[in-house]
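# Understanding the architecture of this molecule
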Amino acid sequence: MKKSTFGPWLAMILGAAYFLIPLIGTLEFSMRMKRGEYSFEAYKVVLGDPRFQESFSYSVVLALVTIAIGVLLVVPTAYWVQLRLPKLRPVVEFVTLLPLVIPAIVIVFGYLRMYNSQSWLPLTDSRRGTDLLLAFGYVTLALPYMYRSVDTGLRAIDVRTLTEAAESLGAGWATILFKVIFPNIRSAILSGAFLTFAIVIGEFTFAALLDRPAFGPYLQLVGANRAYEPAALAIIAFVVTWACMGLIQVFGAARGTGSKS
Amino acid sequence: MSFIDIHGLKKSFGPVTVVHDFHLAVERGEFVSFLGPSGCGKTTILRMIAGFETATAGSIAIDGKQVAHLPPAKRDVGMVFQAYALFPNMTVAQNIAFGLRVAKKSAAEIRTRVGEMLDLIKLPDLGDRYPYQLSGGQQQRVALARAIAVKPQVLLLDEPLSALDAKIRVSLREEIRALQKDLGITTIFVTHDQEEALSMSDRIVVLNEGRAEQVGSPFEVYNFPRTRFVASFVGTLNLMTAVVVDAAAGRLTLDGRDVATAKPIVGRRAGDTVTVALRPEAVNLGDGTARSDTLPGVVEDVAFLGAVVRIRVRLDAQTVTLDTFNQPSVALPKQGEAVKLTFAREDLLVLDGDA
Amino acid sequence: MSEPSTATAHRPGGSGLPWAWFGVAPFFLFAVLFLILPTAFLIVGAFQTADGEFTLANIRDLTHPSIVAAYRISIEISAASAIGGAIVGALLAYAAVGGGLPSWIRPTLMTFSGVASNFAGVPLAFAFLATLGRTGLVTWALSNWLGFNLYATGFNLLSFLGLTLTYLYFQIPLMVLILTPALDGLKKEWREASQILGASTFQYWRWIGLPVLWPSLLGATLLLFANAFGAVATAYALTGSSLNIVTILLYAQIRGDVLHNQNLGYALALGMILITGVSNVAYIWLRGRAERWSR
């Protein structure tokens, strides 16, 4: 009674075709800039464009700031909930899921109304203030992923025992958090961080509506005005996403062999 | 002709053969256990009988009918799985009724049969519960009822107790055995727990690395293990090496001392090295009688196990463990004390295979 | 419970409530400032006139034909891409989990799904333009090799069908990621138990497989729906403002008050929150049901 694997193979091949053809099409298109031959001209143009360099590095810095704020916000909260306030877990989980419920465009709409020049906290008045608001916005966008990742990591270790052991050796809360908890959930934090990076790097809605020179709006601008460069940018963006996911796999695998649960 | 006849059964997964040339005849109404460590092939044989695995070679007949080419449903067997495998979306009653519903029995008939089954497993009031609302022991009883509700000719039990707590395991195994005797259903029970196999079975098949090492009643398998593997897997045994002096008279030397067995040593010659086995409970302290042998030794360790005290004694080169009842009135030997060990000649077993 | 609090009150987080709550204060402060208050601001604004008086006029104005049309197209595209993504994703996940394929298939599919489900937004639109646009590779290949002019059939990437096809690129992988654990929860023994009791493959799926799986299937479909409904960047980069979906209408409203009524914009946002909110709450409820069984 050997089961036929024809159907599953067919599904896989069709699935692979649907996902690979646009990539091949994009790659092919991106190399057509010079008439009659394949070249990397479009990549040269894009990479040499100072606005590309500026917007990309702006988004990288913003992603790093977002990750830093996100980690400092999420790790102590998840740790504290697990250790002292387990009753609060459903509430915290609900809040972290809200960014999936409320569309990003609605959240940024709210920011524009709440933090404009006439408000009690006019963050959008200055460039630095707007940058900070954008980073906060990205922290909320990444919150569901970051929290889930960290919470899973914390559940895999025995938070209570580690904390009590550290306390019995005279460690203060800062030492416990930074010297004991952080290193033990390093791979979970890194997973969350790479996912955050992948989300932030090409994000469009927040950056465009807050009018900041990030990579997403730059992509859109190039797309509206140029022919071959957008395809090259799409390939670059795909490589960045792939790298982030690959790194998550690497660190996830390292964790899997380290502590099999 | 036996009720279940298994002949020359073999199973290979690619280059790996997990069952070699397995033969077994099971009588109607018999309770047979497959006992062995994990990976010994016991579950694979059971799954071949059920029809979930195809045999590489050999035949299986149930009630004179060849079943090797039949799908599981046509073999008239019921099966209980290790992890209960109750359908989670159905109530207890719906689970028990499943096979009857597939067989298109009338609603009235199904209701009656489900009621009978619930009474049989002593859960008459739990018909409307869902599996996740039951304890493990209750779930496994429901799984049993589901398997026998369709009145199969053969019941296959694949380690049904190993996921349960120790206490429930004992009570449920007694329940299963009583039920099996009541219904007279031919049963094959797979387990890695020697106590379960010994307490429940009419016969035990001890399996190792895809081969049947010994087939026999619990009494035979426990008291007269034929191989070193059976001896070590069923119960605790002292295994020692000895040299044959006179095979026909059953005489050997053990650490330089003369000992003897009650029976002649078959297939061995003087000078052969053999493995001999002694049950810890068959060894006593003190001087022996005419029909027993005595070995001198030094006490290495004394361990209380509650009702039993386990004493380890060093002979010249080998050690022997013996069990004695914990009687406060009798003084126990101390560590380092010289003692004499004695055992009846019937209890010294010479095992097959190389030492 | 009733131990004297003086002894332990000074130990951080010992038993005194204020201390323990202090630990989560930054998180809740952040959530209130950057998630809850901005949203609440819009919700309240939806029920106000420009002068701050209470009114239901904004909600009533949502029934304006152009706004209703925007919601309808959004819902249709989201539903089409969610249902399509759910079906294809479920088949792919099932092929990988239970299809008897070589063992390298599954991790490859999962990794790829992780990438593709995050490959959305502007670059995705570029990729589809380069593939199915008027000068795209597939369009060109079809006409050059098969003599088939895709655009003569009325196909347009900047349309309902085109956008749905594009959304599927992240919807299908997302479905694969969500559904694979649920498929793993289908125990092999259920199938064997049903088989040995005489059930056919169809009966197994009809009575056990699908009933166990449907909360996960439906829940995941709802999540996909919300995912597509809130998307802006892909649609905007692909179609500019030529396609009248609600996120693009809201985008235009935020940029230039195209509705000429700030508070109507708030009502538009409120409608979006309600739609994604309902589908997410239903998803969470269904997931709870699914978990109850998968013990």
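Residues numbered from 1 in each chain as written. Chains lettered and ligands numbered in written order. Predicted model: local features only at pLDDT ≥ 70, side-chain atom pairs only at ≥ 80, totals over all residues. Heavy atoms only, no water.

## Some thoughts on the overall build of chain A
The cut-off we apply is this: Where helices and strands are cited, they refer to DSSP runs of H or I of at least four residues and of E of at least two residues respectively, numbered from the N terminus. Note on exposure labels: buried denotes an accessible area under 20% of the residue type's maximum, exposed denotes more than 50%, and partly exposed covers the range between, all computed with a 1.4 Å probe on protein chains only. All tallies of charge rest on Lys and Arg as positive and Asp and Glu as negative; His and the ends of each chain are not included. Charge placement uses NZ in Lys and CZ in Arg. For Asp and Glu, CG and CD serve respectively.
When its secondary structure is counted, chain A shows twelve helices and zero strands. Ordered by position from the N terminus, the helices and strands of chain A form the series α-α-α-α-α-α-α-α-α-α-α-α. For the C-alpha atoms alone, the extent of chain A along its principal axes is close to 75 × 75 × 30 Å. The buried share of chain A, reckoned over its 261 residues, is 54%. Each charge sign in chain A was given a centre, from 22 positive and 15 negative side chains, and these centres are 7 Å apart.

## Details of the sheet that holds strand 15 (residues 283–285) of chain B
All names here are of chain B. Threshold: Paired strands, as defined in this entry, are two strands with at least two bridges between them according to DSSP. Note on geometry: axes are C-alpha line fits, over the in-contact stretch for helices, and angles between N-to-C directions span 0 to 180 degrees.
Strands sit in the order 15-19-16-17-18 across an open sheet of five strands; the sheet is antiparallel. Two strands close off the open sheet at either side, each with one partner strand: strand 15 and strand 18 (319–325). This sheet shows a mean twist of 45 degrees between the axes of neighbouring strands, independent of strand direction. Pairing analysis gives six bridges linking strand 16 (residues 292–304) to strand 17 (residues 308–314), with the strands arranged antiparallel. Counted as the bridge partner of D301 is R312 from strand 17.

## Structural notes on helix 9 (residues 186–201) of chain A
To be explicit about the condition: Expected helix span is computed as 1.5 Å times (number of residues minus one).
Between its first and last C-alpha, helix 9 of chain A extends 22 Å over 16 residues, near the 22 Å set by a 1.5 Å rise per residue. Extensive coverage of helix 9 of chain A is indicated by the burial of 13 of its 16 residues.

## Details of the interface of chain C and chain B
The line we're drawing: Whether two residues are in contact is decided by their heavy atoms, any of which lying within 4.5 Å being enough. Once two parts are put together, the accessible area they lose, assessed with a 1.4 Å probe and summed over both, is termed the buried area. Salt bridges, as used here, are contacts in which a Lys or Arg side-chain nitrogen is within 4 Å of a carboxyl oxygen on Asp or Glu. Pairing of N or O atoms within 3.5 Å defines a polar contact, subject to two protein rules: one partner must be a possible hydrogen donor and the other a possible acceptor, and residues neighboring in sequence count only if both atoms are side-chain atoms. Residues were grouped as follows: Ala, Val, Leu, Ile, Met, Phe, Trp, Tyr, Cys and Pro as nonpolar; Asp, Glu, Lys and Arg as charged; and all remaining residues, including Gly, as polar.
Contacts between the two partners involve 19 residues from chain C and, on the opposite side, 22 residues from chain B. Contact with chain B buries area across many residues of chain C, yet C:I196, C:L197 and C:W207 alone supply 36% of it, more than any other trio. Counting across the chain C and chain B interface gives one salt bridge. At the boundary of chain C and chain B, one finds three residue pairs in polar contact (both at pLDDT 80 or more). Of all the elements in the fold, those that place two or more residues in the side of chain C that touches chain B are helix 10 (188–196), helix 11 (201–229) and helix 14 (262–293) of chain C. At eight residues, helix 10 of chain C tops the list of elements feeding residues into the side of chain C that touches chain B. Within the side of chain C that touches chain B, the residues separate by chemical class into ten nonpolar, four polar and five charged.

## A closer look at the sheet that holds strand 13 (residues 257–260) of chain B
Residue and element names in this part refer to chain B. Taking strand neighbours across the sheet as the criterion, the five strands line up as 13-12-11-14-20 in an open arrangement whose pairing is antiparallel. Because the sheet does not close on itself, it has two edges, and the strands there are strand 13 and strand 20 (349–350). The pairing of strand 14 (residues 273–278) with strand 20 spans two bridges and is classified as antiparallel. Paired with V276 across the two strands is V350, which belongs to strand 20.

## Brief notes about the nonpolar core
To keep it simple, the criterion reads: Residues belong to one nonpolar core when they are buried, are Ala, Val, Leu, Ile, Met, Phe, Trp, Tyr or Cys, and are joined through side-chain atoms within 4.5 Å.
Grouped together as the largest cluster of nonpolar side chains are 217 residues, with contacts concentrated most on A:F206, B:F22 and B:F34. Among the elements that make up this core, the one with the highest residue count is helix 3 (residues 50–83) of chain A (14 residues). One finds B:Y84, B:I110, B:L144 and B:I148 within the second-largest nonpolar core, a separate group that totals 33 residues.

## What about the interface of chain C and chain A?
On the side of chain A, 76 residues touch chain C, which itself brings 77 residues to the contact. When the two sides are added together, the surface that chain C and chain A hide from each other amounts to roughly 6,800 Å², 80% of it contributed by carbon and sulfur. At the boundary of chain C with chain A, the tally comes to zero salt bridges. Applying the counting criterion to the chain C and chain A interface returns 13 residue pairs in polar contact (both at pLDDT 80 or more).

## Re unusual backbone geometry
Residues and elements named next belong to chain B. Even without being a glycine, D63 presents a positive backbone phi close to 55 degrees. Note on placement: D63 falls in the loop between strand 4 (57–62) and strand 5 (65–66). In the Ramachandran plot, K122 falls in the positive-phi region, its phi being about 60 degrees despite a non-glycine side chain. Position of K122 relative to the elements: it lies in the loop between helix 3 (107–120) and helix 4 (136–148).

## A closer look at the environment of B:S38
All names here are of chain B. Structurally, S38 can be placed in the loop between strand 3 (31–35) and helix 1 (42–50). A residue is classified by how much of its surface remains accessible, and S38, at 70% relative accessible area, is exposed. Through-space distance from the C-alpha of S38 to that of I6 is 22 Å; in sequence the pair is 32 residues apart.

## Structural notes on the confidence of the model for chain C
Residue and element names in this part refer to chain C. We count it as follows: Values of pLDDT, the confidence the predictor places in each residue, fall between 0 and 100.
A residue-level look at chain C finds 92% of positions with pLDDT of 70 or above and a mean pLDDT of 86. Least confident of the elements in chain C is helix 1 (residues 5–8), whose mean pLDDT is 38; most confident is helix 3 (residues 25–46), at 94. Of the two predicted TM-score estimates for the complex, the pTM is 0.80 and the ipTM is 0.88.

## Considerations on the packing of helix 9 (residues 160–184) of chain C against helix 11 of chain C
All names here are of chain C. For clarity, the threshold we go by: In this scheme, roughly parallel covers angles under 35 degrees and roughly antiparallel covers those over 145, while 65 to 115 is roughly perpendicular and the rest are oblique. In this scheme, a crossing is called left-handed if the near helix is turned counterclockwise away from the far one by less than a right angle; it is called right-handed if the turn is clockwise.
At a closest axis distance of 10 Å, the pairing of helix 9 and helix 11 adopts a crossing angle of 150 degrees. Viewed along their axes, helix 9 and helix 11 adopt a mutual orientation that is roughly antiparallel. For the crossing formed where helix 9 meets helix 11, the hand is right-handed. Where helix 9 approaches helix 11, its residues Y167, F170, Q171, L174, M175, I178, L179, A182 and L183 are matched on the opposing element by L213, S216, L217, A220, L223, L224, N227 and A228.

## What to know about the pairing of strand 14 of chain B
All names here are of chain B. Summarising burial for strand 14: five of the six residues are buried, a large majority. Summarising the sheet, strand 11 (residues 238–246) and strand 14 pair through six bridges and their orientation is antiparallel. Its bridge partner being in strand 14, N238 is matched across the sheet by L278.

## What to know about helix 8 (residues 137–145) of chain C
For helix 8 of chain C, the full list of buried residues reads C:L137, C:T139 and C:A141. Its buried side turned inward, helix 8 of chain C meets helix 1 (6–30) of chain A together with helix 7 (122–132) of chain C. A positive backbone phi angle near 65 degrees is found at C:G147, which sits one or two residues after helix 8 of chain C.

## Some points on the pattern of salt bridges
One pass over the full model with this rule turns up 28 salt bridges over all chains. Residue A:R51 pairs with A:D49 through a salt bridge whose shortest N-O separation is 3.7 Å. We classify A:D49 as buried; its relative accessible area is 17%. Residue C:E76 is joined to C:R72 by a salt bridge in which the shortest nitrogen-to-oxygen separation is 3.5 Å. Residue C:E76 and its partner C:R72 are both found in helix 5 (residues 65–98); the two are separated by four residues, about one turn of the helix.

## Observations concerning the pairing of strand 11 of chain B
Residues and elements named next belong to chain B. The pairing of strand 11 with strand 12 (residues 251–254) spans three bridges and is classified as antiparallel. Bridging across to strand 12, V244 finds its partner in L252. Hairpin connection of strand 11 to strand 12: four residues between the antiparallel strands, including G250 at a positive phi of 70 degrees.

## Observations concerning the packing of aromatic side chains
Stated formally: In this scheme Phe, Tyr and Trp rings, the latter by its six-membered ring, pair at centre separations within 6.5 Å, and the angle between planes marks the pair as stacked below 30 degrees, edge-to-face above 60, and tilted otherwise. Here, a charge over a ring means that NZ of Lys or CZ of Arg falls within 6 Å of the ring centre while also lying within 35 degrees of the ring normal.
Evaluated as defined, the whole model comprises 49 aromatic pairs over all chains. With centroids separated by 6.1 Å and ring planes inclined at 75 degrees, the aromatic side chains of A:Y111 and A:Y115 adopt a geometry described as edge-to-face. Accessibility assignment for this pair places A:Y111 and A:Y115 in one class, buried. Members of the aromatic cluster, joined through ring pairs, are A:Y18, A:F19, A:F238, A:W242, C:F112, C:F119, C:F128 and C:Y169. Geometry around B:F224 places B:K263 over its ring, the cationic atom sitting 5.4 Å from the centre. Sitting above the plane of the B:Y222 ring, B:R279 keeps its charged end 3.7 Å from the centroid.

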